[in-house]
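In case you want the letters, here they are:
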Amino acid sequence: MKKLVLAVFMLVFMASAIFAAELNLKVGYDTFGDIKNKADGGDTNNIMKSGFSAIGEVMIPILHLIRVGGGLEYQFDRELDVNDGAKIGFMPVYATVQVNPIPIILSGLYAKGNIGYNVLFNNDSDLVDSSKGGAYWALGIGYDLPFGLMVEAMYGVYYGTIDYKAGGSSDISYSKLGINAGIRFHL
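The structure presented is a predicted model; accordingly, all values stated were derived computationally and were not measured.

Reading guide: rules and limits
- Residues numbered from 1 in each chain as written.
- Predicted model: local features only at pLDDT ≥ 70, side-chain atom pairs only at ≥ 80, totals over all residues.
- Heavy atoms only, no water.
- Helix = DSSP H or I, 4+ residues; strand = E, 2+ residues; numbered from the N terminus.
- Buried < 20%, exposed > 50% of the residue type's maximum accessible area, 1.4 Å probe, protein only.
- Contact = heavy atoms within 4.5 Å.
- Areas by Shrake-Rupley, 256 points an atom, 1.4 Å probe, with all protein chains shown as cover.
- Salt bridge = Lys/Arg side-chain N within 4 Å of Asp/Glu carboxyl O.
- pLDDT = per-residue confidence, 0-100.
- Polar contact = N/O pair within 3.5 Å; in protein donor to acceptor, adjacent residues only side chain to side chain.

What is the right way to look at the overall build of the protein chain in this model?
A count of helices and strands for the protein chain gives one helix and eleven strands. When the helices and strands of the protein chain are read in sequence order from the N terminus, they spell out α-β-β-β-β-β-β-β-β-β-β-β. Counting over 187 residues, the protein chain shows a buried share of 39%. Contacts spanning at least 24 positions in sequence make up 59% of the contacts within the protein chain whose residues lie at least 6 apart. Summed over all atoms, the accessible surface of the protein chain reaches about 10200 Å², with 69% contributed by carbon and sulfur.

Shown next as structure tokens:
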């Protein structure tokens with residue numbers, strides 16, 4: 001089922017690129033994050049090590065101040081900051097809105113919001129039976145630089161569920177601050 005949902009989202013994302021006016025390609029450095037694990041036995045908080053992301057967005061300008069569109073972010077696996085070496089990664093598919101609140105004074109500054117669904121990847125096959133994604137949201141600010149370059153800071157929260165082979169499950173939420181840089185192509 002996950003593969004079918006992912007394939008449909010990818011098809012919609014790629015098809016929308018044909019009709020879009022802009023394609024944003026970005027790389028992100030995700031600073032330390034916090035992962036909360038809620039299980040039957042109690043709640044735990046762990047620090048995640050930093051990691052990298054690859055991001056693609058299709059944006060359509062609406063008026064001069066607003067852009068709307070969709071995106072896909074792939075987080076390369078990152079480790080928990082504990083000795084067991086467990087790694088996880090997320091891949092959200094999302095709708096996005098970008099607004100320039102002060103066009104006259106700071107024409108390149110924008111505020112941005114994302115909301116969508118993410119897939120959870122967990123490579124700890126010895127302990128994990130299955131993993132499921134969940135909701136995703138992010139808020140941030142950015143700045144358009146000359147020559148189509150951009151830089152932004154985004155705070156995002158990713159939700160998911162892990163089912164263990166020994167029985168039981170846990171709900172997780174991963175929050176992080178990401179610094180993204182990229183380039184905008186006009187189609």
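Having seen the model, we can carry on.
Before we go on, may I ask you to explain the pattern of salt bridges in this structure?
Pairs can form between side chains of opposite charge whenever their charged atoms are close. A complete count under the given rule lists eleven salt bridges for this structure. One salt bridge connects E22 with R67, and the closest N-O pair in it is separated by 2.8 Å. Highlighted residues: E22 in strand β1 (residues 22–39) and R67 in strand β4 (residues 66–75), separated in sequence by 45 residues. We note a salt bridge from D144 to R184, for which the minimum N-O separation is 2.9 Å. Placement of D144 in strand β9 (residues 134–144) and of R184 in strand β11 (residues 169–186) is noted, with a sequence separation of 40 residues between them. Grouping residues by exposure puts D144 and R184 together as buried.

I tried to follow the confidence of the model for the protein chain on my own but got confused; where do I start?
For the protein chain, mean pLDDT is 82; residues scoring 70 or higher make up 80% of the total. For the protein chain, per-element mean pLDDT is lowest for helix α1 (residues 2–19), which scores 57, and highest for β9, which scores 94.

So what exactly am I meant to see when it comes to the environment of E73 here?
Residue placement: E73 occurs in strand β4. Residue classification places E73 among the buried residues on the basis of a relative accessible area of 4%. Sequence separation between E73 and I55 is 18 residues; the distance between their C-alpha atoms is 4.4 Å. Every residue in contact with E73, bar those within four places of it in the chain, is listed here: S53, A54, I55, F90, M91, P92, Y94, Y136, Y158 and K176.

Sorry, what's going on with the side chain of N114 here?
Relative to the helices and strands, N114 is located in strand β7 (residues 109–122). One polar contact links N114 to T96, side chain to side chain, over a distance of 2.6 Å. Among the polar contacts listed, one links the side chain of N114 to the side chain of Y136, at a separation of 3.2 Å. Filtering out sequence-adjacent residues up to four positions away, N114 remains in contact with Y94, A95, T96, Y136, W137, A138 and M154.

Where do I start with the environment of S107 in this structure?
Topologically, S107 is positioned in the loop between β6 (87–99) and β7. Sequence separation between S107 and D144 is 37 residues, and the spatial gap between their C-alpha atoms is 8.3 Å. Setting aside residues no more than four positions away along its own chain, S107 makes contact with N100 and I102.

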